[in-house]
Amino acid sequence: KKRFKRAIMQDTQRMAEILACASGEEISSDVLNSCVGIELFLSPGLARRAKEKRMLHSQIVLEEIARQEELNINDERRIRKLSERSSKWSMERAHDLAVGYW
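Residues numbered from 1 in each chain as written. Predicted model: local features only at pLDDT ≥ 70, side-chain atom pairs only at ≥ 80, totals over all residues. Heavy atoms only, no water.

Participant: Which parts of the structure should I look at to understand the overall build of the protein?
Facilitator: Within the protein one finds six helices and zero strands. Helices and strands in the protein line up, N terminus first, as α-α-α-α-α-α. For the protein, with 102 residues in total, the buried portion stands at 16%. Across the protein, contacts joining residues at least 24 apart in sequence account for 45% of those joining residues at least 6 apart. Accessible area for the protein stands at about 8,400 Å²; split by element, carbon and sulfur atoms hold 55% of it. (Helix = DSSP H or I, 4+ residues; strand = E, 2+ residues; numbered from the N terminus. Buried < 20%, exposed > 50% of the residue type's maximum accessible area, 1.4 Å probe, protein only. Contact = heavy atoms within 4.5 Å. Areas by Shrake-Rupley, 256 points an atom, 1.4 Å probe, with all protein chains shown as cover.)

Participant: Looking at this structure, how should I read the side chain of Gln68?
Facilitator: By secondary structure assignment, the location of Gln68 is in helix H4 (residues 44-71). Residue class for Gln68 comes out buried when judged on its relative accessible area of 2%. At 2.7 Å, the side chain of Gln68 and the backbone nitrogen of Asp75 are in polar contact. Leave out the neighbours within four places in its chain, and Gln68 touches Ile73, Asn74, Asp75, Arg78 and Ile79. (Polar contact = N/O pair within 3.5 Å; in protein donor to acceptor, adjacent residues only side chain to side chain.)

Participant: Help me understand the pattern of salt bridges, please; the structure alone is not making it clear to me.
Facilitator: For side chains of opposite charge, pairing can occur when their charged atoms come near one another. Applying the stated rule across the entire model yields four salt bridges. In this structure, Arg78 and Glu64 form a salt bridge, with 2.9 Å as the shortest nitrogen-oxygen distance. A residue pair is termed long-range when its members are at least 10 positions apart, and Arg78 in helix H5 (residues 76-86) and Glu64 in helix H4 qualify at 14 residues. When its relative accessible area of 38% is taken as the criterion, Arg78 is described as partly exposed. A salt bridge links Lys88 to Glu92, with the nearest nitrogen and oxygen atoms 3.8 Å apart. Of the two residues, Lys88 and Glu92 both sit in helix H6 (residues 88-101), four residues apart, roughly one turn of that helix. What makes Lys88 partly exposed here is its relative accessible area of 47%. (Salt bridge = Lys/Arg side-chain N within 4 Å of Asp/Glu carboxyl O.)

Participant: What am I meant to see in H5 here?
Facilitator: One turn of an α-helix holds 3.6 residues; hence residues three or four places apart share an orientation. For H5, the set of buried residues is Ile79, Leu82 and Ser86. Down the axis of H5, the buried side of the element spans an arc of 65 degrees, and every buried residue falls inside it. In H5, the exposed positions angled more than 90 degrees off the buried face are occupied by Glu76, Arg77 and Arg85. (Arc of directions from axis to C-beta.)

Participant: Just checking my understanding: could you explain the environment of Ile65 for this structure?
Facilitator: Topologically, Ile65 is positioned in helix H4. By relative accessible area, which is 30% here, Ile65 ends up partly exposed.

Listed below in structure tokens is the structure:
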């Protein structure tokens, strides 16, 4: 786990240096593709927003599960729909990254 974290930090630092030194026209598609997966670490604002979205998503799903347990019901479809709605931003972001990558 420590080795993985260290590798991500090194990749992020290396890519941040490359991006900081290059103008928009100088950044190749290979460089941009190298950013896929670490883009959250390159932008503190995006990283914070993604973390907030993940926390809110977990809260929504767990609160619905607790509500259903309290009422002694099991509505998996409702949980799935709530989960889909609250994770829409992440799914759209992943789609946009995939489209840009291919």
